[in-house]
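Here is what each chain is made of, one letter per residue.
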Amino acid sequence: MNQLVSTVVLLVSLSLSAHAIEPKKILKTGANSATVRIETEEKDGTQVAAYIDASEMPEFIQIMLQDPTSELSKIKHELEMENCQETSTTPDGYIPQCGAVEWTDLVQTSFGRGGWMSAGAAYTLFVGFRFDGTGRFFESTHMVVLSESAEAVVDSDMNYTGFITKDLRLEKAERLPLSYHDKR
């Protein structure tokens, strides 16, 4: 009986793993959007939901931070000016004797799937400023919602082609009420 249970658990875990053949390359499509084309190991079919994993989000965040017209870059600039009256010039974003803009880890706040060939999710993170000094005080001032949606690429007969297209977007960026700077 234990061997049967172990075999079933192994088969289920193997069937839930999804792997891309080649490294995924993110193509920027706008200041707050990007797309990823994924070639999968599976060629006869796949479960697109297995590729909804936020794995491209760290790189997508960096792409947006490098574009001065993106919402995330604008927030970073705004917080640096509010807190330090200057912007960072170092790769880590640290401003000496002041601090740095930071963000929290992503939290998945929604998920959905449309059968085998489509799925998506939204993630929320908070952006704020970590002040230099003995207290190392951090205050979240903005909530940012990022999303990923994926579709299986099919041919004219609706047969799976071995590729998935994933769209990444910044959906919303809002200043939180009652932050320190709003009280002044």
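Our structure is the block above this text.
A brief look at the structure comes next. (Residues numbered from 1 in each chain as written. Predicted model: local features only at pLDDT ≥ 70, side-chain atom pairs only at ≥ 80, totals over all residues. Heavy atoms only, no water.)

### Some points on the overall build of the protein chain
Operational definition: Strands are runs of DSSP state E lasting at least two residues, helices are runs of H or I lasting at least four, and both sets are numbered from the N terminus onward. Each residue is assigned to one of three classes by its accessible area relative to the maximum for its type, calculated with a 1.4 Å probe on protein chains only: buried under 20%, partly exposed between the two thresholds, exposed over 50%. Note on definitions: a residue-residue contact is assigned when non-hydrogen atoms from the two residues lie within 4.5 Å.
On a plain count of helices and strands, the protein chain comes out with 4 helices and 7 strands. Ordering the α and β elements of the protein chain from the N terminus gives α-β-β-α-α-β-β-β-β-β-α. Going through the 184 residues of the protein chain one by one, you find that 38% of them count as buried. Across the protein chain, the fraction of contacts at a sequence separation of at least 24, relative to all contacts at a separation of at least 6, is 59%.

### Quick look at helix H3 (residues 71-84)
Selection criterion: Here the expected span of a helix is defined as 1.5 Å times the quantity of residues minus one. Regarding the arc, it is the one traced by the directions from the helix axis to the C-beta atoms.
Between its first and last C-alpha, H3 extends 20 Å over 14 residues, near the 20 Å set by a 1.5 Å rise per residue. All buried positions along H3 are accounted for by Leu72, Ser73, Ile75, Lys76, Leu79, Glu80, Asn83 and Cys84. Burial along H3 is one-sided: seen end-on, the buried residues are contained in an arc of 160°. Where H3 ends, the next residue or the one after it, Gln85, has phi of about 60°, a positive value.

### Focus on the packing of helix H2 (residues 57-66) against H3
We count it as follows: Angular values range over 0 to 180 degrees, each being the angle between N-to-C directions of two axes fitted as lines to C-alpha atoms, with helices fitted over their stretch in contact. Each crossing gets its handedness from the near helix: less than a right angle anticlockwise from the far helix is left-handed, clockwise is right-handed. Throughout this entry, Asp, Glu, Lys and Arg are counted as charged residues, while Ala, Val, Leu, Ile, Met, Phe, Trp, Tyr, Cys and Pro are counted as nonpolar. The remaining residues, Gly among them, count as polar.
In the contact formed by H2 and H3, the axes pass within 7 Å of each other and the chain directions differ by 65°. Crossing geometry of H2 relative to H3 is assigned as right-handed. Taking contact as the criterion, the partners of Ile61, Met64 and Leu65 in H2 are, on H3, Leu72, Ser73 and Lys76. Tallied by class, residues from the contact of H2 with H3 come to 4 nonpolar, 1 polar and 1 charged.

### Thoughts on the nonpolar core
Heads up, the condition is: We define the nonpolar core as a collection of buried residues of types Ala, Val, Leu, Ile, Met, Phe, Trp, Tyr and Cys that are connected through side-chain atoms lying within 4.5 Å of one another.
Core analysis: the largest hydrophobic core is formed by 37 residues, its most contacted members being Leu72, Val127, Val144 and Leu146. Among the elements of the structure, strand E2 (33-39), H2, H3, strand E5 (118-131), strand E6 (138-154) and strand E7 (160-175) are those that each provide at least two residues to this core. Ignoring any residue separated from it by four or fewer positions in sequence, one finds Leu72 in contact with Asn32, Ile61, Met64, Leu65, Val127, Val144 and Leu170.

### Topic: unusual backbone geometry
For Ala54, which is not glycine, the phi dihedral falls at a positive 60°. Residue position: Ala54 is located in the loop between E2 and H2. Despite not being glycine, Gln85 has its phi angle at roughly 60°, a positive value. A residue is classified by how much of its surface remains accessible, and Gln85, at 58% relative accessible area, is exposed.

### Some points on the packing of aromatic side chains
The line we're drawing: Paired rings are identified among Phe, Tyr and Trp, the last through its six-membered ring, by centres lying within 6.5 Å, and are further divided according to the angle between planes into stacked (under 30 degrees), edge-to-face (over 60) and tilted (the rest). Lysine NZ or arginine CZ positioned within 6 Å of the ring centre and within 35 degrees of the ring normal marks a charge as sitting over the ring.
The tally for this structure, following the rule as stated, stands at 2 aromatic pairs. Taken together, a centroid distance of 6.1 Å and an interplanar angle of 90° make the contact between Trp116 and Tyr160 edge-to-face. With a gap of 44 residues between them, Trp116 in the loop between strand E4 (107-113) and E5 and Tyr160 in strand E7 connect regions that are remote in the sequence. Take Trp116: its relative accessible area is 30%, and that puts it in the partly exposed class. A relative accessible area of 9% means that Tyr160 is categorised as buried. Looking at Arg37, its charged tip hangs above the ring of Phe163, at a distance of 3.9 Å from the centre. Here the guanidinium or amino end of Lys43 rests over the ring plane of Phe163, the centre of that ring lying 5.7 Å away.

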